[in-house]
Amino acid sequence: MKFGGTSVADLSKMKGAALRVQAEVESGNQIILIVSAMAGTTDDLIGRVGQISSLYDAREYDAIVSSGETVTAGLMALILQSMGINSRSWQGWQIPINTTDDHSNARIRKIETGNLIEKFASGMQVAVVAGFQGVSDNSRITTLGRGGSDTTAVALAAAFKAKRCDIYTDVDGVFTTDPRITPNAQKLEKISYEEMLELASLGAKVLQTRSVELAMSYKVRLRVLNSFGSGSGTLVCDEEDIMEKRIVSGITFSKDEAKLTVVGVKDKPGMAGNVFDCLAKASINVDMIIQNISEDGLTDVTFSCPTSQVGVAKKALEQGKSTNNFNYSKLVEDKQVAKISIVGIGMRSHSGVAQTMFKTLGKENINIKVISTSEIKISVLIDRKYLELAVQSLHEAFGLEKALN
Ligand code: ADP
Ligand code: ASP
Ligand code: MG
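Residues numbered from 1 in each chain as written. Chains lettered and ligands numbered in written order. Predicted model: local features only at pLDDT ≥ 70, side-chain atom pairs only at ≥ 80, totals over all residues. Heavy atoms only, no water.

*Asks:* Just to check I follow, could you spell out the overall build of the chain for this structure?
*Replies:* For the chain, the count of helices and strands is 12 helices and 18 strands. Taking 405 residues into account, the globule formula puts the C-alpha radius of gyration at 22 Å, and the chain, at 23 Å, falls close to it. Based on the C-alpha atoms only, the size of the chain along its principal axes is roughly 80 × 50 × 35 Å. With 405 residues in all, the chain has 49% of them scored as buried. For the chain, the share of sequence-separated contacts (at least 6 apart) that also reach a separation of at least 24 residues comes to 74%. As presented, the chain carries roughly 18,900 Å² of accessible surface, and 48% of it is formed by carbon and sulfur atoms. (Helix = DSSP H or I, 4+ residues; strand = E, 2+ residues; numbered from the N terminus. Rg over C-alpha atoms; globule rule 2.2 N^0.38 Å. Buried < 20%, exposed > 50% of the residue type's maximum accessible area, 1.4 Å probe, protein only. Contact = heavy atoms within 4.5 Å. Areas by Shrake-Rupley, 256 points an atom, 1.4 Å probe, with all protein chains shown as cover.)

Set out below in structure tokens:
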């Protein structure tokens, strides 16, 4: 069982979570309870780090930012003990959850199960594990990226071959789109691992992308449930387990996008390679790409990347002029964009999905700046000010406001 930040925001919410844990214990289950930091705590800690310096030591960032989860784990263990439940808190390094040393964005490599199994065998009923944390080979604390407690939960479920992995959050489950943006979004009873992976990686923060990847690889029975409600939530499962397949299952968006256009690049073989080579060397996370029609032997190359990387990308391109054998006349940046994506396994077998998407946006007078597609998703970059209108009109165009499943 994993409880997110809003579900453990204060002691009374923690007690509510503890009652759910108690019910599972009473049904004869042994529980690994993964907890997030109390709502707002991680943001607050990150803010403090940033106040010291914008160029900080990532190892200390992790030491600081991981502490929110440590506090919740201890408090939850105490609350459970006060209810007569045999429980103990565990930090990432105590299990240990071994990770790479990519501080602030580490990946889990190995989870030791022996310590907890021994404790369960000697009477422990609930192991409260601080989410988000791991430990590197250098014995430094690491963190798993924003939203990383989801990944702790799924990874532990896989390592311990748990019956289920229940992720408790502040909405009823996975919706056709963010219910906070589109009030008539519908909760999905089931969603395939593949669709959930696309939704998560394209911006739906309800599950961290890496957690879905792990659930898919290890076939973890993953549910998303509301901490404050009683519904059945959403089951993330194999495509074959979903009877009624829809063309589009969900719409998602990301505001953390910027568009850069490299104007006047020579249109000849190898140029795109030279441009993107220098961006790759600067670790720029290039997402969508278009190249305009060439005129007078010159072309414009447009790409999108996270807003936070614009400065580094511009610097890399400027330096690339001398190191990477290309030239351009100017760089045009646009930070006021958003990416909207529609996702659905039904796209594999249905034509006309792109047409519906583009026509719908056209009808609302929303200009499409960049397009990218994969087998089960179509993404477009638009002006950020139209984000809500775009999501809502696409939601309607694909009939998602009607009850599904
Ligand atoms: P937690 O703190 O429990 O980990 P998060 O804030 O990380 O919760 O994730 C839950 C939030 O994800 C919801 O409050 C909702 O606004 C947002 N969200 C975005 N897209 C979706 C979606 N398609 N379905 C459900 N929630 C979504
Ligand atoms: N507390 C961390 C964050 O806010 C991890 C998590 O909640 O999943 O990103
Ligand atoms: Mg989360």
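*Asks:* So what exactly am I meant to see when it comes to the sheet that holds strand S3 (residues 87-90) here?
*Replies:* Read across the sheet, 8 strands follow the order S3-S6-S2-S1-S9-S11-S12-S10 without closing on themselves; strand pairing throughout is mixed. Every other strand in the sheet has two partners, leaving S3 and strand S10 (190-192) as the edge strands with one partner each. One ladder, built from 3 bridges, connects strand S11 (residues 222-226) with strand S12 (residues 234-237); its direction is antiparallel. Pairing of leucine 222 across the sheet is with valine 236, part of S12. (Pairing = 2+ DSSP bridges.)

*Asks:* Where do I start with the site of ligand 1 in this structure?
*Replies:* Residues in contact with ligand 1 amount to 17 residues; listed here are only the nearest, Thr169, Asp170, Phe175, Asp178 and Arg180. In this structure, phenylalanine 175 approaches ligand 1 through a main-chain N or O atom, which is 2.9 Å from a nitrogen atom. Within the complex, 89% of the 570 Å² of free accessible area of ligand 1 lies under protein. (Near = heavy atom within 4 Å. Polar contact = N/O pair within 3.5 Å; in protein donor to acceptor, adjacent residues only side chain to side chain.)

*Asks:* It is not clear to me how the nonpolar core should be interpreted in this structure. Could you clarify?
*Replies:* When a protein is soluble and globular, its nonpolar side chains tend to lie buried together. Among the nonpolar cores identified, the biggest contains 41 residues, and Leu116 and Met196 are the most heavily contacted of them. With 6 residues, the top contributor of residues to this core is helix H6 (residues 149-159). Discounting residues that sit within four places of it in the chain, leucine 116 has contacts with Ile32, Trp90, Ile95, Met124, Ala127 and Phe160. Listed in part, the 22 residues of the second largest apolar core include Ala17, Ala77, Ile79 and Val128. (Core = buried A, V, L, I, M, F, W, Y, C linked by side-chain atoms within 4.5 Å.)

*Asks:* Is there a simple way to think about the pairing of strand S15 (residues 298-305) in this case?
*Replies:* Two faces make up the sheet, and in a regular strand the side chains alternate between them. A large share of S15 lies buried, amounting to 6 of its 8 residues. Bridge count between strand S13 (residues 250-266) and S15: 7 bridges; the pairing is antiparallel. Bridge assignment links valine 265 to a residue of S15, and that residue is threonine 299. With 3 bridges connecting them, strand S14 (residues 289-291) and S15 associate as antiparallel partners. When the bridges of S15 are listed, glutamine 291 appears paired with valine 301.

*Asks:* Is there a simple way to think about the side chain of glutamate 24 in this case?
*Replies:* Tracing the backbone shows glutamate 24 in helix H1 (residues 11-26). On the basis of relative accessible area, glutamate 24 is assigned to the buried category, the value being 15%. Separated by 3.0 Å, the side chains of glutamate 24 and asparagine 29 make a polar contact. Residues within four places of glutamate 24 in sequence aside, it is in contact with Met1, Asn29, Ile31 and Arg164.

*Asks:* Even after reading the chapter, I still don't get the packing of aromatic side chains, so can you show me in this structure?
*Replies:* Counting across every chain of the model gives 4 aromatic pairs. The interplanar angle of 5° and the centroid separation of 4.6 Å between the aromatic rings of phenylalanine 3 and tyrosine 168 together place this pair among those described as stacked. In this pair, phenylalanine 3 is assigned in strand S1 (residues 2-3) and tyrosine 168 in strand S9 (residues 165-169), connecting sequence segments 165 residues apart. Relative to phenylalanine 303, the ring of phenylalanine 276 lies with its centre 5.8 Å away and its plane at 75°, an arrangement referred to as edge-to-face. Of the two residues, phenylalanine 276 sits in helix H9 (residues 271-281) while phenylalanine 303 sits in strand S15, which places them 27 residues apart along the sequence. The exposure class assigned to phenylalanine 276 is buried, which follows from its relative accessible area of 18%. Across from the ring centre of tyrosine 328, 4.3 Å away, lies the NZ or CZ of lysine 321, which sits over that ring. (Phe/Tyr/Trp six-rings, centres within 6.5 Å; stacked < 30°, edge-to-face > 60°. Lys NZ or Arg CZ within 6 Å of the ring centre and 35° of its normal.)

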